[in-house]
Amino acid sequence: MSFDLAARLAARRAENLYRQRPLLESPQGPEVVVDGQPLLAFCNNDYLGLANHPQVIEAWRAGALKWGVGGGASHLVIGHSGPHHALEEALADLTGRPRALLFTTGYMANLGAVTALVGQGDTVLEDRLNHASLLDAGLLSGARFNRYLHNDATSLAKRLEKATGNTLVVTDGVFSMDGDIADLPALAREAKAKGAWLMVDDAHGFGPLGAHGGGIVEHFGLSQADVPVLVGTLGKAFGTAGAFVAGSEELIESLIQFARPYIYTTSQPPALACATLKSLELLRSEHWRREHLKTLIRQFRQGAEQIGLELMDSFTPIQPIMIGDAGRAVRLSQMLRERGLMVTAIRPPTVPAGSARLRVTLTAAHSEAQVQLLLEGLADCFQQLGAEPSHA
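Here is a short report on the structure shown in this document. Not measured: the values here are computed from a predicted model.

1. A word on the pattern of salt bridges
- In total, this model carries 12 salt bridges according to the counting rule given.
- As a salt-bridge pair, aspartate 93 and arginine 284 come within 2.8 Å of each other at their nearest N and O atoms. Linking aspartate 93 in helix α4 (residues 82-95) with arginine 284 in helix α12 (residues 270-285), this pair joins segments that are 191 residues apart in sequence.
- The exposure class of arginine 284 is partly exposed, given its relative accessible area of 30%.
- Arginine 357 is the partner of aspartate 178 in a salt bridge, and the nearest nitrogen-oxygen pair spans 2.5 Å. Highlighted residues: aspartate 178 in the loop between β6 (167-172) and α8 (184-193) and arginine 357 in strand β13 (residues 356-361), separated in sequence by 179 residues. With respect to class, aspartate 178 is no different from arginine 357; both count as buried.

Listed below in structure tokens is the structure:
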């Protein structure tokens, strides 16, 4: 008996689901070089344009000169350095919570939080469209795992009625493939009514959402009592890398004791924490970045609707264009690339079958002129392909 990997790969190619890694040959930004081709990119998550910011780069350089380039050990051995501690305190302040805990990646933060909080005899209830890391965490926790209908508090309430043990309700803040936001007030009410905890992964909300970039919890004016477990990533609007969990003193101490992805992982480079401290400062002080981003989102949605594109209900930087057929989505992405525009085609299994899409992401580093070029390119490509834009 042997693994027939060739057959699996061939089947994925035949279904128009085969993935290949584009090779980025320039820093992140609106104008990039990919596989040797200069392109105007609308597919990264650098929402506030900080990934290549001179002050953030300088903070990294200065941090490396002082602290070196490696964490050297796990946080619980000797890898928890001054910059890590300072960043945790700054993130706690951003979220208005007593403590925050750094993780190396968002995947690890989600896996660590869920598996540390629930296990056999407990219950995890998750939105059907949650990120893969959240779904994996629920499955790996050993708790009874169930998914409620997307963003549906009534569906959640029905599942809460059958929950046993400690119950954790888990949702994305901004859903990464649709761009819509969770109805946190309704979800929090249902969870609190049944004594369950609500955990929110706001990877795509920190930075763009909230009056000061504090994300979806700030957007809705909710408290730690409403959302006891708050997760954020640093590789998107913060422009660097890593993740964090913010919450009560007891929550963070419990994660330090029981979250295996935290305990058994080398800490991130201290210089990276230095860079993130600078990006956090810019995120909080330079409000023009959020305002400019909102202007671009409005411009794109108005222009796309005039073309006749089928958009999703999103006021966030994630603006999916629904296509339906995976092959058609890939073809449109290729046509745009031939025009110097990079927009990724998202296909199953990342999204449900029949819901392939072009996933446009906008950043504060884009200009209105660049968004106009994208709209003109989309209009040309849909017209050239022949069919009506809003049909698969």
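2. Overview of unusual backbone geometry
- Between proline 348 and proline 349 the backbone carries a cis peptide bond, its omega angle lying at 5°.
- Structurally, the position occupied by proline 349 is in the loop between β12 (344-346) and β13.
- Its identity is not glycine, yet aspartate 35 carries a phi of approximately 55°, on the positive side.
- Looking at the element boundaries, aspartate 35 is found in the loop between β1 (31-34) and β2 (37-41).
- The exposure class assigned to aspartate 35 is partly exposed, which follows from its relative accessible area of 45%.
- Here the phi dihedral of asparagine 151 falls at roughly 55°; this positive angle occurs in a residue that is not glycine.
- Note on placement: asparagine 151 falls in the loop between β5 (144-148) and α7 (153-161).
- Among the residues examined, asparagine 151 registers a relative accessible area of 23% and is labelled partly exposed.

Cut-off values and rules
Residues numbered from 1 in each chain as written. Predicted model: local features only at pLDDT ≥ 70, side-chain atom pairs only at ≥ 80, totals over all residues. Heavy atoms only, no water. Salt bridge = Lys/Arg side-chain N within 4 Å of Asp/Glu carboxyl O. Helix = DSSP H or I, 4+ residues; strand = E, 2+ residues; numbered from the N terminus. Buried < 20%, exposed > 50% of the residue type's maximum accessible area, 1.4 Å probe, protein only.

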